[in-house]
Structures are given as C-alpha cells and as structure tokens.
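Descriptive analysis of the structure
Each chain, written out:
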Amino acid sequence: MSKKTIGIVGARGHTGAELIRLIANHPALELAFVSSRELDGQRLADHNDTYKGELRFTNLDAEAVAAQGMDVVILALPNGKAAPYVEAIDKADKGTVVVDLSADYRFDERWFYGLPELYRERWRGEKRISNPGCYATAVQLSIAPVKDLLAAPPVSFGVSGYSGAGTTPSDRNDPEKLRDNLMPYSLTGHMHEREASRHLGVPVEFMPHVAPHFRGLTVTTNLYLARPMKRDEVVARFRGAYENEKLVRVLDDAPWVSRIANKHHAEVGAFEMSADGRRVVVVATLDNLLKGAATQAMQNVNRALGFDEYTSIPV
Ligand SMILES: NC(=O)C1=CN([C@@H]2O[C@H](COP(=O)(O)OP(=O)(O)OC[C@H]3O[C@@H](n4cnc5c(N)ncnc54)[C@H](OP(=O)(O)O)[C@@H]3O)[C@@H](O)[C@H]2O)C=CC1
Ligand SMILES: CC(=O)N[C@@H](CCC(=O)OP(=O)(O)O)C(=O)O
C-alpha cells in the first residue's frame, strides 16, 4: 500500500517536534515536508531524535504549502496565523485534510472539533479539523460524564507547564520569571473557557496558571451537583464514560502531573465529595504537548484517513 503524504507547517515548535516523532513511527504516513523559517535548509534528523531520514526543513509560504498536494497538512503555528494556509489549500482543491492545532477554527461550524473521546460520533467526513486546546481537553474530560447533573457552572483551576506557552519568548515561558513561582493569567475569559463552554454546552469558569515545570498540566474542577450523590455513583459515571477509551484512564486517587509527562493519555481522578454529597472535586492531568496537542492531532489524522485511531500512538 502506498503511504499517505503529510506535511507540517510550524515544524520547529514544541508540538511540531512531537508530531514528527509520532509520524516517524507511523507505518502508513510519509513525512513529506517540514516547514520552518528559522531552520530552513537544516537536516531534520539533526533536530529530532526519532526521525532517521534525509528530509530538511524548508520555508514554505501558503501557496507553496498548497501546491505540495499533500494528503494531510498539519498547521502547528501560533494563534492567528492559519488563515492564509487554509485559504490557499481550499483554493488548490486537492482533497487535502487540514488539522489545525491553533485556536483559529475551534468556533467555526464548518470545522470538526476533534476531541474524539467526546465527539467522534459527530464527525461527518469533514476534511477541516480543529484540534482542541490542551486545558480545554482536560476541562471537558473532567465534566462531560456528569454534565447533566450540575447545579451550577463548574469552576476549573488549571496549572500548566511552560511548554504550553510555545517558543515565542514571553513571561509565561521564561524559566527565570517562573522559578519558585506560580503565574496566574487570563483569569476570566481565557480562550479555553469559551471553547470548553461552547463544545460541552455548559458554561465553565476557568482560571489558568503556569508553573516552572516544562510539560504536563493539571486541572482541578469543582462541581456542584443538583442532588446529593454517593462517590461510587460519580465514579461509576466516569468509569462508564471512559471504559473503552485507550487514552483516558480513570483513577481512584488524584493524578499527579509528574507522572503524565511524555505519556499519551489523560488521567482523571480524585472524585472527592463534600460531606453533604452535593459537591465533587475532579482532578485531570495530561501532557499538553501530547494528548493536549500532537497525540490528539494524530488521532484526528488517523480517523480522517480511515486508519485505526491509535495507529503510531503508544497506548
Ligand atoms: N504548546 C502546547 O502545549 C500547545 C499548543 N497548541 C497550539 O499549537 C500551536 C503550536 O504551538 P507550539 O508548538 O507550542 O508553538 P511554538 O511557538 O513552539 O512553535 C510555533 C511554530 O510556528 C512557526 N511560526 C511562528 N510564527 C510564524 C509565522 N508568523 N508564520 C509561519 N510560521 C511561524 C515557528 O517556526 P519558525 O519561526 O521557524 O517558522 C514554529 O515552528 C499554537 O497555536 C498553540 O496554541 C495547542 C495545544 C497545546
Ligand atoms: C501556559 C500557556 O500559555 N498555555 C497556553 C495554552 C496552550 C494551548 O493549548 O493553546 P491554544 O489554545 O492557543 O492552542 C495559553 O494559555 O494560551
């Protein structure tokens, strides 16, 4: 069987590097281009420990990307940069599947929002797939199994490693400013608050922070319940929802972020109840670069091409 071709725009970045590792281990995908302005001309194998071939980074503009006629293009660019690439690929009309890792199309009705564990049944063969945000993935996985039981908007407290802030220098990825620190930001109206609220259909309140570790995030969510519940009943909801999911593990204890770095799945646990049974606290962890980005994109690519959803993903 001939391999499907795939190219990455924004391949120098944190999520690009993880995608390259996943694609390098994929039996049916050929990595055909990796685009970066800064690394133009350099050998990919010198920058990525998994990739073994001779491919070099190239600096492709939107028209050049579209002209490649790829089976799949992954956009791993900062927010606000995807549109010219999408327009050029639309115009070229070569049947290319586009998976966008940024937030640019997560509110666009024409795009499929690719959080497979919650929404895979909604996919109608769309070739435009927006990949969910990292926190938004953890928040939705923490709420979805009980969203019909809520008495009030869930409140989520998030703490991410600083790789979540990408490579463009800012306070949020400056190890000096983060040392011995926890940095709150966007405490109301964060993009992922709107994103999770929109796709879950429940208003969510979200308060993000960034911490000195590199990768992995924790989201702790407070849920008020419309009727008193027993812990076993709540846990059964989560176990039932995720029992067939290879990339979501339900734990009895609260998951630790130190255990999720470099892992492809998400963990959901704690389920600590208030004495009156009307409040439960759920804790979720995932690696923001994997289940929060590259692994989820790989699930979406596999599904769009008709492969097993978990091909090349260590489960
Ligand atoms: N980091 C994370 O945990 C997560 C990130 N995301 C999203 O994924 C996307 C990529 O994130 P991440 O990998 O962290 O980002 P990085 O900052 O690490 O990488 C961004 C990439 O885009 C390229 N780039 C930057 N500006 C431009 C531009 N104007 N035109 C063309 N290329 C450009 C950069 O390479 P060069 O400058 O060499 O061209 C680089 O390859 C973002 O939209 C982010 O929001 C989603 C979930 C989690
Ligand atoms: C620590 C940090 O800064 N994290 C990023 C989230 C990364 C992510 O998932 O981003 P997108 O929604 O932009 O794809 C942020 O809060 O904007």
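Calculation rules
- Residues numbered from 1 in each chain as written.
- Chains lettered and ligands numbered in written order.
- Predicted model: local features only at pLDDT ≥ 70, side-chain atom pairs only at ≥ 80, totals over all residues.
- Heavy atoms only, no water.
- Helix = DSSP H or I, 4+ residues; strand = E, 2+ residues; numbered from the N terminus.
- Rg over C-alpha atoms; globule rule 2.2 N^0.38 Å.
- Buried < 20%, exposed > 50% of the residue type's maximum accessible area, 1.4 Å probe, protein only.
- Contact = heavy atoms within 4.5 Å.
- Areas by Shrake-Rupley, 256 points an atom, 1.4 Å probe, with all protein chains shown as cover.
- Lys, Arg positive; Asp, Glu negative; His and termini not counted.
- Charge placed at Lys NZ, Arg CZ, Asp CG, Glu CD.
- Near = heavy atom within 4 Å.
- Polar contact = N/O pair within 3.5 Å; in protein donor to acceptor, adjacent residues only side chain to side chain.
- 1 Å grid on protein atoms, 1.4 Å probe; cavity = no way out; pocket = protein on both sides within 12 Å on 5 of 7 lines; lining within 4 Å.
- Sits in = over half its atoms within 2 Å of the grid points.
- Nonpolar A, V, L, I, M, F, W, Y, C, P; charged D, E, K, R; others polar.
- Domains from an automatic or database assignment.
- Buried area = accessible area lost by both parts, 1.4 Å probe.
- Salt bridge = Lys/Arg side-chain N within 4 Å of Asp/Glu carboxyl O.
- Pairing = 2+ DSSP bridges.

1. Here we look at the overall build of the chain
Broken down by element type, the chain carries nine helices and 14 strands. At 20 Å, the chain has a C-alpha radius of gyration in line with the 20 Å of a compact globule built from 315 residues. Considering the chain as a whole, with its 315 residues, one finds that 55% of them fall into the buried category. Taking as baseline every contact in the chain between residues at least 6 positions apart, the subset at least 24 positions apart corresponds to 69%. Here the chain displays about 13900 Å² of accessible surface, and carbon together with sulfur accounts for 49% of that area. The averaged location of the 40 negative side-chain charges in the chain is 2 Å from the averaged location of its 38 positive side-chain charges.

2. Quick notes on the site of ligand 1
Neighbouring residues of ligand 1: 27 residues in total, closest Thr15, Ser36, Leu77, Thr167 and Asn288. Take Thr15: an N or O atom from its side chain is 2.8 Å from an oxygen atom of ligand 1. Residue Asn79 places a side-chain N or O atom 3.5 Å away from an oxygen atom belonging to ligand 1. Assessed atom by atom at 2 Å from the grid points, ligand 1 resides in the largest pocket. Of all the secondary structure elements, the ones that give two or more residues to the shell around ligand 1 are helix H1 (14-24) and helix H9 (290-305). Tallied by class, residues from the shell around ligand 1 come to nine nonpolar, 14 polar and four charged. Mapped onto the domain boundaries, the shell around ligand 1 takes at least three residues apiece from domain 1 (4-131 + 292-305) and domain 2 (134-288).

3. Structural notes on the site of ligand 2
Looking at ligand 2, there are 14 residues lining it, with Arg106, Cys134, Tyr185, His190 and His192 nearest. Between Tyr185 and ligand 2, the recorded distance is 2.6 Å, taken from a side-chain N or O atom to an oxygen atom. Across the complex, the protein chains shield 85% of the 430 Å² of accessible surface that ligand 2 would expose by itself. At a threshold of 2 Å from the grid points, most atoms of ligand 2 map onto the largest pocket. Two domains share the shell around ligand 2, each providing at least three of its residues, namely domain 1 (4-131 + 292-305) and domain 2 (134-288).

4. So, the domain arrangement of the chain
In terms of domain boundaries, the chain breaks down into domain 1 (4-131 + 292-305) and domain 2 (134-288). Between domain 1 and domain 2, the C-alpha centre-to-centre distance is 26 Å. Overall, the association of domain 1 and domain 2 removes approximately 2000 Å² of surface from exposure, summing both partners, and the carbon and sulfur fraction of that is 52%. It is His14, Phe107 and Gly292 in domain 1 that bury the most area against domain 2; as a group they hold 30% of the surface buried on that side. In this assembly, domain 1 and domain 2 are joined by four salt bridges. For Glu109, the salt bridge goes to Arg198, with nearest N and O atoms at 3.0 Å. At the junction of domain 1 and domain 2, the tally comes to 15 residue pairs in polar contact (both at pLDDT 80 or more). For the side of domain 1 that touches domain 2, the secondary-structure elements that each account for two or more residues are H1, helix H4 (116-119) and H9. No other element matches H9, which puts five residues into the side of domain 1 that touches domain 2. Among the residues forming the side of domain 1 that touches domain 2, the class breakdown is eight nonpolar, five polar and seven charged.

5. Focus on the sheet that holds strand S3 (residues 57-58)
The strands that make up a sheet are held in pairs by hydrogen bonds between backbone atoms, and each pair lies either parallel or antiparallel. In space, the seven strands of this open sheet follow the order S3-S2-S1-S4-S5-S7-S6, with parallel pairing throughout. Looking at which strands have only one partner, the edges of the open sheet turn out to be S3 and strand S6 (112-113). One ladder, built from six bridges, connects strand S1 (residues 4-9) with strand S2 (residues 29-35); its direction is parallel. Residue pairing across strands places Ile6 opposite Leu31, the latter belonging to S2.

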